[in-house]
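The lines below spell out each chain.
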Amino acid sequence: WSAQSNNYEVNLRQYSSAGTITAFEKHLPRLKDMGVGILWFMPVTPIGKEGRKITEKDLGSYYAVRDYKGFSEEFGTMNEWKAFVKHAQSMGFKVITDWVANHSAPDNHWMKDHPDFYMRDSAGNTVAPYDWTDVRKLNYSNRELRDSMIDAMKFWITETGIDGFRCDVAEDVPIDFWKACIDSLRKIKNVFMLAEGESPELHAAGFDETYTWGMMRAMAELYSGKKSVQQFDSIVNKEIARFPANAYRLYFTSNHDENSWNGTEFEKYGNAYKAFAVFTQTMYQSVPLIYSGQELPNKKRLKFFVKDTIAWSGENQMDFFYKTLLSFRKTNPALSADASYKRLGSNNNMIFAYVREKAGSKAVMIFNFSKEAQHFKITDPVINGEPLNVFLGKPEKLSDTTEFNLEPWGYLVFNNQ
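In this text the structure is predicted, and so the values were computed from the model without any measurement.

Draft legend 1. Geometry of empty space enclosed by the protein. One pass over the full model with this rule turns up one cavity of 30 Å³ or more. Approximately 30 Å³ is the volume found for the largest cavity. As for the largest cavity, its lining consists of K362, V364, V382, I383, P387, L398, F414 and N416. Counting only elements with at least two residues in the lining of the largest cavity, the list comes to β13 (361-368) and β18 (411-416). Within the lining of the largest cavity, the residues separate by chemical class into six nonpolar, one polar and one charged.

Dropping the structure here:
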């Protein structure tokens, strides 16, 4: 079910003024209509109180886990979560939650009950990874820790019915743990596993999907002029070659980290934000991501540690844009993650075009990856025919002699089924 699906990352704290699971639940009909498939929730476990990083208003990091088998009081109750999961699944959604296996809050009960679950320095002190002083690194040389972590993940599957996990900083956790963990979980349910990492060996361990930070950086450098279209194409090809054919890749223009710490898609991509969104939704191996509020669009950086509610308006201006793309992905097998990919030739080196094909269906995407308007032809007969212009909603007669005009950072999407 996942190959033609998509991920929608839910930032519960900032999603509504209440910031609860029941408040978010009211958005399910809208998200269903938009075409959302997988609801990825940032961690819903209780948040540590010790060592919070900013001010007295600091609500703490989602990623500082105080109890691996609890539900955060900030978001509601465990019973409300269980009821939500059943409701969402009955509407056709899949539900996954963020899982933080690398570290816990310093006031997690494991610190007292199992002090040997934690890494120590030469003086015997627990260790904070990076500059994350509100968490402590877990010790995977301890067999009991490994078993306890797998047991906690099983709890969320068996007791709350979720469909999988997005695993935080997955590359910092031993790969042999993930292999044993995923094998164990899949004896219970065929869970969907998304790794925050971009190492091919994560797929060998059982993960379905990995991040595409390299492509995210390449998009930003293409927009800023630091990379040419030819260099961008080379990066695309290297990414494809690096990963197994059955790998899914999480293409995105924003997520919670990028939005809060590095800038919105408008800061990073300017007036190319739609073109790159189309690219992420239609690229080879992509099971793409939309972050909370991108359908507005949300143009502010959401604060991470304090309350900073998304300013939902009466009309989400990007809703039609994403609904069109998500419907296209769901209905055309050529947008399946495993559909073929081929770059198409053009008589203009500012044009980046490709065709995806599967089961007799085709999808053609054409981009002007430049800040100037471009006039061009696509010099490949694969475009011959009368495909549907997806965003105009009407067929167009095309051939390899058709002359196109595209505005700066413009795009065309054609559906030929």
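Draft legend 2. Structural context of the sheet that holds strand β9 (residues 248-250). Reading across the sheet, the eight strands line up as β9-β8-β7-β6-β3-β2-β1-β10 and stay open at both edges, with parallel pairing between neighbours. The outermost strands of the open sheet, each flanked by one partner alone, are β9 and β10 (289-291). On average, adjacent strands in this sheet sit at an angle of 25 degrees to one another, irrespective of strand direction.

Draft legend 3. Main features of the sheet that holds strand β12 (residues 351-358). The antiparallel open sheet is built from six strands, whose spatial order is β11-β12-β13-β18-β15-β16. Sheet topology places β11 (340-344) and β16 (394-395) at the edges, where each strand pairs with a single neighbour. In this structure, strand β15 (residues 388-389) lies alongside β16, joined through two bridges in antiparallel fashion. Opposite N389, over in β16, you have K394 as the bridge partner. Relative to the sheet, helix α14 (residues 319-331) contacts β13 and β18, its axis offset from that of β18 by approximately 35 degrees.

Draft legend 4. Highlighting the packing of aromatic side chains. Summed over all chains, the structure comprises 54 aromatic pairs. Seen in terms of ring centroids, Y15 and W312 are 4.9 Å apart; in terms of plane orientation they differ by 45 degrees. Their pairing is tilted. Here Y15 is found in helix α1 (residues 12-15), whereas its partner W312 is found in the loop between β10 and α14, with 297 residues between them in sequence. On the basis of relative accessible area, Y15 is assigned to the buried category, the value being 1%. The positively charged end of K32 is found above the aromatic ring belonging to F93, 5.9 Å away from the centroid. Lying over the aromatic face of W1, K94 brings its terminal NZ or CZ to 5.0 Å of the ring centre.

Draft legend 5. A look at the layout of surface pockets. Each pocket or cavity is described by its volume, and for the largest pocket that value is around 480 Å³. Lining the largest pocket we find 25 residues, and of these W132, D168, D257, W261 and F304 sit closest to its centre. With five residues, helix α11 (residues 256-262) is the single largest residue contributor to the lining of the largest pocket. When grouped by side-chain class, the residues that make up the lining of the largest pocket number 11 nonpolar, five polar and nine charged. What the second largest pocket holds in volume is close to 300 Å³. Looking at the second largest pocket, it is lined by 17 residues, and the ones nearest its centre are S5, G35, V36, G37 and K330. Elements with a contribution of two residues or more to the lining of the second largest pocket: α3 (28-34) and α14.

Draft legend 6. Structural view of the pattern of salt bridges. If you walk through the whole model with that rule in mind, you get 22 salt bridges. The partner of R66 in a salt bridge is E73, and the shortest N-O contact between them spans 2.7 Å. As a salt-bridge pair, D163 and K189 come within 3.1 Å of each other at their nearest N and O atoms. Of this pair, D163 sits in the loop between α6 (143-160) and β6 (164-167) while K189 sits in the loop between α7 (175-185) and β7 (192-195), placing them 26 residues apart in sequence. For K189, a relative accessible area of 29% puts it in the partly exposed group. Where salt bridges share partners, they join D98, R166, D168 and E196 into one cluster.

Procedures and definitions
- Residues numbered from 1 in each chain as written.
- Predicted model: local features only at pLDDT ≥ 70, side-chain atom pairs only at ≥ 80, totals over all residues.
- Heavy atoms only, no water.
- 1 Å grid on protein atoms, 1.4 Å probe; cavity = no way out; pocket = protein on both sides within 12 Å on 5 of 7 lines; lining within 4 Å.
- Points joined across faces, edges and corners; volume = space filled by probe spheres on them.
- Helix = DSSP H or I, 4+ residues; strand = E, 2+ residues; numbered from the N terminus.
- Nonpolar A, V, L, I, M, F, W, Y, C, P; charged D, E, K, R; others polar.
- Pairing = 2+ DSSP bridges.
- Axes fitted to C-alpha atoms, helices over the stretch in contact; angles between N-to-C directions.
- Contact = heavy atoms within 4.5 Å.
- Phe/Tyr/Trp six-rings, centres within 6.5 Å; stacked < 30°, edge-to-face > 60°.
- Buried < 20%, exposed > 50% of the residue type's maximum accessible area, 1.4 Å probe, protein only.
- Lys NZ or Arg CZ within 6 Å of the ring centre and 35° of its normal.
- Salt bridge = Lys/Arg side-chain N within 4 Å of Asp/Glu carboxyl O.

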